[in-house]
Amino acid sequence: MAKPTSPQRRRMENFRKVRSEEAPVGSGDEEGGPGSGPFADLAPGAVHMRVKEGSKIRNLLAFATASMAQPATRAIVFSGCGRATTKTVTCAEILKRRLAGLHQVTRLRYQSVRELWQSLPPEPTPGQKPGEPAASLSVLKNVPSLAILLSKDALDPRQPGYQPPNPHPGPSSQPTAPTSKRSLGEPAAGESSAKRSQPEPGAAEEEQTA
């Protein structure tokens, strides 16, 4: 038996999502620089990487790695909302493995996203006027948003969401000497050859008496 659907859900089934866009939050410039997003004290020239649901991680990391390789670039911000938060964390973690010594600050908030929906063309009915414009619907949603700041310079460790740089991997351990697979009572190869080269005491006495 099919479950009854609400009138609102039945109405939304007749619409398709055309596009979605992030609503601006705060007074800072969303394209990067001082006051960008949740980080109000970014250094000049900081790079802001917007991670979308359909973004390619390979392309994002290629640009981020090349930007952070420049001495003038001191910080980079990865930000994404909704389904793009997983890719945001992935990009930050991979870049931290590529470039050692990066300080991290993570900010979690809610981002307003405006979705534009458009009605599907209805089936022709008797008496319907042709060429009627499709109805549109605008929906404002609040979705989780994640912003990760990676900085070459030291940051305040007392601020929420701070993570120190990853420690450098220690030196690899020296390989241990190979252990012999012989049994406890079996002599080593060198010992057996040395014993075979020495004459037995009884054989030496027989030679002297002869």
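Further up the page is the structure itself.
Cut-offs and rules
- Residues numbered from 1 in each chain as written.
- Predicted model: local features only at pLDDT ≥ 70, side-chain atom pairs only at ≥ 80, totals over all residues.
- Heavy atoms only, no water.
- Helix = DSSP H or I, 4+ residues; strand = E, 2+ residues; numbered from the N terminus.
- Expected span 1.5 Å × (residues − 1).
- Buried < 20%, exposed > 50% of the residue type's maximum accessible area, 1.4 Å probe, protein only.
- Arc of directions from axis to C-beta.
- Contact = heavy atoms within 4.5 Å.
- Salt bridge = Lys/Arg side-chain N within 4 Å of Asp/Glu carboxyl O.
- Polar contact = N/O pair within 3.5 Å; in protein donor to acceptor, adjacent residues only side chain to side chain.
- 1 Å grid on protein atoms, 1.4 Å probe; cavity = no way out; pocket = protein on both sides within 12 Å on 5 of 7 lines; lining within 4 Å.
- Points joined across faces, edges and corners; volume = space filled by probe spheres on them.
- Nonpolar A, V, L, I, M, F, W, Y, C, P; charged D, E, K, R; others polar.

Asks: Explain helix H2 (residues 57–68) to me, please; I cannot follow it from the model alone.
Replies: Since the α-helix advances by 3.6 residues per turn, residues separated by three or four positions end up pointing in the same direction. With twelve residues, H2 should reach 16 Å at 1.5 Å per residue; the first-to-last C-alpha distance of 16 Å fits that figure. Every buried residue of H2 is listed here: Leu60, Leu61, Ala64, Ser67 and Met68. Buried residues in H2, looked at end-on, bunch into an arc of 130 degrees, giving them a common side. Lining the buried residues of H2 we find strand S2 (47–50), strand S3 (75–81), helix H3 (85–98) and strand S5 (136–151).

Asks: When you look at the pattern of salt bridges in this model, what are you seeing that I'm missing?
Replies: Close approach of charged atoms lets side chains of opposite charge pair. In total, this model carries five salt bridges according to the counting rule given. Between Asp153 and Arg74 there is a salt bridge, and its shortest N-O distance comes to 2.7 Å. Here Asp153, found in the loop between S5 and strand S6 (162–163), pairs with Arg74, found in the loop between H2 and S3; they are 79 residues apart in sequence, far enough to count as distant. Classification of Asp153 by relative accessible area gives partly exposed; the value is 34%. With relative accessibility at 30%, the residue Arg74 sits in the partly exposed group. The partner of Lys96 in a salt bridge is Glu93, and the shortest N-O contact between them spans 3.6 Å.

Asks: It is not clear to me how the environment of Asn142 should be interpreted in this structure. Could you clarify?
Replies: As for its position among the elements, Asn142 is in strand S5. Residue Asn142 is classed as exposed on the basis of its relative accessible area, which comes to 56%. What Asn142 contacts, discounting residues up to four positions off in sequence, is Tyr110, Gln111 and Ser112. Reaching out from Asn142, the side chain makes a polar contact with the side chain of Ser112 at a distance of 3.1 Å.

Asks: What exactly am I supposed to notice about H3 here?
Replies: Taking 1.5 Å per residue, 14 residues should reach 20 Å; H3 reaches 20 Å between its end C-alpha atoms and fits that length. Of the positions making up H3, those classed as buried are Thr85, Thr88, Cys91, Ala92, Leu95 and Lys96. Take H3 and look down its axis: the buried residues cluster within an arc of 130 degrees, on one side only. Exposed side chains of H3 directed beyond 90 degrees from the buried face belong to Thr86 and Arg97. On its buried side, H3 packs onto H2, S3, strand S4 (103–119), S5 and S6.

Asks: Can you help me understand the layout of surface pockets in this one?
Replies: Empty space among the atoms can be located by rolling a probe the size of a water molecule over them. Considering only enclosed or pocket space, the largest pocket measures out at about 430 Å³ in volume. With four residues, the top contributor of residues to the lining of the largest pocket is strand S1 (residues 15–22). Classifying every residue of the lining of the largest pocket gives five nonpolar, two polar and eight charged. Taken as a whole, the second largest pocket holds about 230 Å³ of empty space. In this structure, the second largest pocket is lined by 16 residues; those nearest its centre are Asp41, Leu42, Ala43, Leu149 and Leu155. Contributions of two or more residues to the lining of the second largest pocket are made by S4 and S5. Residues of the lining of the second largest pocket, tallied by class, amount to ten nonpolar, two polar and four charged.

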